[in-house]
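A closer look at the structure
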Amino acid sequence: MYYWQQPPFYTSAANETPQRRTERVYTEDVLNRNIGKEITLHLTYENNNQWNAMVVTGVLREVGRDFLLLRDQKTGKDMIFMNINIDYYIFESGPANLARPQR
């Protein structure tokens, strides 16, 4: 389910008047700015008795609309994970700067 919050106010350096952010930021946008960084994925797979929950740490290699490609730290193999199974991400060294350039 998608929840939308009112965007925060920010001030423009040019005129110092409060402006409202009009663009939405999606998970794909945040992940694309962090390609090459180490992240930890927490995943769940319903109705799977063998491995219901999974935690994988690795380097983010590629991001698509419904998947991401991660190089697993332990095995050195590239693995594709579907976004539907990802519960949350942990950025091991903090996410990249998310500020958008002024237009």
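Our subject is the structure that appears above.
Nothing here was measured: the structure is a model prediction, and the numbers come from that model.

So, on to the side chain of Asn 85. Secondary-structure assignment places Asn 85 in the loop between strand E6 (78-82) and strand E7 (86-91). Given the relative accessible area of 17%, Asn 85 is considered buried.

Quick look at the pattern of salt bridges now. Where charged atoms from two side chains of opposite charge approach closely, those side chains can pair. One pass over the full model with this rule turns up two salt bridges. Salt-bridge contacts for Asp 78 lead to Arg 61; the nearest nitrogen and oxygen are separated by 3.7 Å. With Asp 78 in strand E6 and Arg 61 in strand E4 (residues 53-63), the pair connects residues that are 17 residues apart, well separated along the chain. A relative accessible area of 36% means that Arg 61 is categorised as partly exposed. Close ionic contact of Asp 78 with Arg 71 constitutes a salt bridge, the shortest N to O distance being 2.9 Å.

Attention shifts here to the pairing of strand E3 (residues 38-44). Of all seven residues making up E3, five are buried, and the element is well covered by its neighbours. Judged from the seven bridges that link them, E3 and E4 form a sheet pairing that is antiparallel. Within the sheet, the bridge partner assigned to Leu 43 lies in E4 and is Met 54. Pairing between E3 and E7: five bridges, direction antiparallel. In the sheet register, Leu 43 faces E7, and the bridge partner there is Ile 86.

All right, on to the nonpolar core then. Across soluble globular proteins, nonpolar side chains have a tendency to be buried as a group. Leu 31, Ile 39, Leu 41, Leu 43, Tyr 45, Val 56, Leu 60, Val 63, Leu 68, Leu 70, Phe 81 and Ile 86 form the largest nonpolar core, which has twelve residues in total. Of all the secondary structure elements, the ones that give two or more residues to this core are E3, E4 and strand E5 (67-72). Leave out the neighbours within four places in its chain, and Tyr 45 touches Trp 51, Asn 52, Met 54, Phe 81 and Asn 85.

Structurally, the position occupied by Thr 27 is in helix H1 (residues 27-32). Expressed as a C-alpha distance, the spacing of Thr 27 and Arg 65, which sit 38 residues apart in the sequence, is 9.0 Å.

The next point concerns the sheet that holds E3. If you walk across this open sheet you meet the five strands as E6-E5-E4-E3-E7, and the pairing is antiparallel. Edge strands, defined here as strands with exactly one partner in the open sheet, are E6 and E7. Taken over all neighbouring pairs, the strand axes of this sheet differ in orientation by 45 degrees on average, direction set aside. Relative to E6, E5 runs antiparallel, the two sharing five bridges. Paired with Leu 70 across the two strands is Met 79, which belongs to E6.

Definitions and cut-offs
- Residues numbered from 1 in each chain as written.
- Predicted model: local features only at pLDDT ≥ 70, side-chain atom pairs only at ≥ 80, totals over all residues.
- Heavy atoms only, no water.
- Helix = DSSP H or I, 4+ residues; strand = E, 2+ residues; numbered from the N terminus.
- Buried < 20%, exposed > 50% of the residue type's maximum accessible area, 1.4 Å probe, protein only.
- Salt bridge = Lys/Arg side-chain N within 4 Å of Asp/Glu carboxyl O.
- Pairing = 2+ DSSP bridges.
- Core = buried A, V, L, I, M, F, W, Y, C linked by side-chain atoms within 4.5 Å.
- Contact = heavy atoms within 4.5 Å.
- Axes fitted to C-alpha atoms, helices over the stretch in contact; angles between N-to-C directions.

Spatial relationships are all this shows, so hold off on functional conclusions.
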